Amino acid sequence: MGIFITNTYLFTTLFYGILLIAAFLYLKICGDDTKKTLRMYKIHIGSFFLVILLAFTIRPVAGFITMIANLFFQDVTTNTMTQKVMQSLGLSVFTTAFLPGLVEEILFRGVLYSRLRKANPIKGILLSALLFGIAHMNFQQFSYAFFLGIVFGCLLEATDSIFATITAHMIFNGSSILLTYAISKVSLFGVNNLDTANTVTVSSIIASIPVALIGLILSIFLLVAIAYLNGRLGYIKTWFQKDIRQTWPKKRVTNISFWAAFIVCFLFSIMMEITSSFL
């Protein structure tokens, strides 16, 4: 598609549109109950505001992970995102926040996770987060996307509703876009100086540890509060009871298609790392 469609916004819209159609066709062919599989249920209205807050408290942790990743891997997204935001803020929010938040959650926390969690919800969260991270097709994004996948998986179980993870995902991505736009508009950190502003040092990583820890602690408390308000806290507590975990079915939850997808994305990430180092 990218060969024939040069408009980034159109390409992204079509790409996510095709993925969304494929997801619902898959559910239809399998004969699944779409509402049940995707957990299209209402959430406690009070917890909805906590979900919004959670999207912000996880940012310092994701930022800390990104800083560490930048020491080892190429940042292949910042310049592209900045260019898109400067061209059109509205279209950037639509193609980078709304569409990914909707489609990726339906795919990873809906279709995929519904399969992976059947035997073990903890294993399901980790495996879906693993594929969610590597599906970004570069190691720099994988680093923080894997963390986000775990948070969104826990949020799904805390609310039993995919609407919660869609909201958190959209707000997280949207706030990233708005932050990029704000930085690019400030004269001191203009577009030409973004590389300098994004330079990562060991001292800057150490300095960000307290904020990241506070964000992590707040995020955990928010997830507990969200689970409590939605009547899911007691269920999640059973995950940490050994006698309960022993009753979980001991069966394999992945198959060759899962690992084939992982290997393809992993190899593509290596290619991206190599090619970006020469640019």
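It should be emphasised that the depicted structure is a prediction, and the values quoted were computed from it without experimental measurement.

Chemist: What is the right way to read the overall build of the chain from this model?
Modeler: Assigned secondary structure in the chain consists of 14 helices and 0 strands. For the chain, whose C-alpha radius of gyration is 19 Å, the value lies close to the compact-globule estimate of 19 Å for 279 residues. With respect to the principal axes defined by its C-alpha atoms, the chain has extents near 55 × 45 × 35 Å. Buried positions account for 42% of the 279 residues belonging to the chain.

Chemist: Looking at this structure, how should I read the side chain of S269?
Modeler: You can see S269 is positioned in helix α14 (residues 256-277). Note on S269: relative accessible area 0%, which makes it buried. A distance of 3.3 Å separates a polar atom in the side chain of S269 from the backbone nitrogen of N138. If near-sequence neighbours (up to four positions away) are discounted, S269 is found in contact with I134, M137, N138 and F139.

Chemist: Honestly, the nonpolar core in this entry has me stumped. Any pointers?
Modeler: General note: in soluble globular proteins, nonpolar side chains tend to be found buried as a group. Among the nonpolar cores identified, the biggest contains 48 residues, and L54, I58, L131, F147, L148 and L155 are the most heavily contacted of them. When residues in this core are grouped by element, the largest group, 10 residues, is from helix α8 (residues 139-159). Each residue touching L54, except ones within four places of it in the same chain, is listed here: V151, L155, S219, L222, L223 and I226.

Chemist: Honestly, the packing of aromatic side chains in this entry has me stumped. Any pointers?
Modeler: Aromatic rings considered in pairs are described by the distance between their centres and by the relative angle of their planes. Under the counting rule described, the total for this entry stands at 12 aromatic pairs. Note on F94 and F98: the rings are 5.6 Å apart at their centroids and 15° apart in plane angle, and the pair reads as stacked. Linking F94 with F98, this pair stays in helix α6 (residues 89-116), spanning 4 residues, or about one helical turn. Looking at F98, the relative accessible area reads 37%, which means it is partly exposed. An aromatic cluster of three or more residues is present, and its members are F73, F139, F258, W259, F262 and F266. When the ring centre of F132 is taken as reference, the NZ or CZ atom of R109 above it lies at 4.4 Å.

Chemist: Looking at this model, I keep getting lost on a nonpolar patch on the surface. Mind explaining?
Modeler: A grouping of I68, L71, F72, V202, I206, I209, L213, L216, I220 and V224 is seen on the molecular surface, where their side chains present a nonpolar patch of about 880 Å² in accessible area. By the element assignment, I68 lies in helix α4 (residues 59-70). With relative accessibility at 32%, the residue I68 sits in the partly exposed group.

Chemist: What is the right way to look at the UniProt feature "domain: CAAX prenyl protease 2/Lysostaphin resistance protein A-like" (unreviewed entry) in the chain in this model?
Modeler: Look at the UniProt record and you will see "domain: CAAX prenyl protease 2/Lysostaphin resistance protein A-like" (unreviewed entry) annotated at residues 91-174. Helix makes up 88% of residues 91-174 and strand makes up 0%, while its end C-alpha atoms are separated by 11 Å.

Chemist: Can you help me understand the environment of I217 in this one?
Modeler: Looking at the secondary structure, you find I217 in helix α11 (residues 202-229). Given a relative accessible area of 46%, I217 falls into the partly exposed group. Sequence spacing of I217 and I58 is 159 residues, and the spatial spacing of their C-alpha atoms is 9.4 Å.

Chemist: Can you walk me through the packing of α8 against helix α9 (residues 162-185) in this structure?
Modeler: Close contact between α8 and α9 brings their axes to 8 Å; oriented N to C, the two are set at 145°. Like other packed secondary-structure pairs, α8 and α9 cross with a definite hand, here right-handed. Contact residues: L148, F152, L155, L156 and T159 in α8; I162, A164, T165, A168, H169 and F172 in α9. Counted by class, the contact of α8 with α9 contains 8 nonpolar, 3 polar and no charged residues.

Chemist: Can you help me understand the UniProt feature "transmembrane region" (unreviewed entry) in the chain in this one?
Modeler: According to UniProt, the "transmembrane region" (unreviewed entry) feature falls on residues 6-27, 48-73, 85-108, 120-136, 166-184, 204-231 and 252-272. Between the end C-alpha atoms of residues 6-27 there is a gap of 31 Å, over a span that is 91% helix and 0% strand. Helix makes up 96% of residues 85-108 and strand makes up 0%, while its end C-alpha atoms are separated by 26 Å.

Chemist: Where do I start with the pattern of salt bridges in this structure?
Modeler: Side chains carrying opposite charge are able to pair once their charged atoms draw close together. Per the stated rule, a full pass over the model turns up 6 salt bridges. In this structure, E105 and R109 form a salt bridge, with 2.7 Å as the shortest nitrogen-oxygen distance. Of this pair, E105 and R109 both sit in helix α6, 4 residues apart, roughly one helical turn. E157 is the partner of R232 in a salt bridge, and the nearest nitrogen-oxygen pair spans 2.8 Å. Here E157 lies in helix α8 and R232 lies in the loop between α11 and α12 (233-237), a separation of 75 residues in the sequence. For the pair R232 and E157, a shared accessibility class is recorded, and that class is buried. Shared partners join several salt bridges into a network, and the residues in it are R39, R117, E157, D160 and R232.

What counts and how
- Residues numbered from 1 in each chain as written.
- Predicted model: local features only at pLDDT ≥ 70, side-chain atom pairs only at ≥ 80, totals over all residues.
- Heavy atoms only, no water.
- Helix = DSSP H or I, 4+ residues; strand = E, 2+ residues; numbered from the N terminus.
- Rg over C-alpha atoms; globule rule 2.2 N^0.38 Å.
- Buried < 20%, exposed > 50% of the residue type's maximum accessible area, 1.4 Å probe, protein only.
- Polar contact = N/O pair within 3.5 Å; in protein donor to acceptor, adjacent residues only side chain to side chain.
- Contact = heavy atoms within 4.5 Å.
- Core = buried A, V, L, I, M, F, W, Y, C linked by side-chain atoms within 4.5 Å.
- Phe/Tyr/Trp six-rings, centres within 6.5 Å; stacked < 30°, edge-to-face > 60°.
- Lys NZ or Arg CZ within 6 Å of the ring centre and 35° of its normal.
- Patch = residues over 30% accessible without salt bridge, like charges linked within 9 Å, V, L, I, M, F, W, Y side chains within 5 Å.
- Areas by Shrake-Rupley, 256 points an atom, 1.4 Å probe, with all protein chains shown as cover.
- Salt bridge = Lys/Arg side-chain N within 4 Å of Asp/Glu carboxyl O.
- UniProt positions renumbered as here; feature names shortened; annotations may be inferred.
- Axes fitted to C-alpha atoms, helices over the stretch in contact; angles between N-to-C directions.
- Left-handed = near helix turned anticlockwise from the far one by under 90°.
- Nonpolar A, V, L, I, M, F, W, Y, C, P; charged D, E, K, R; others polar.

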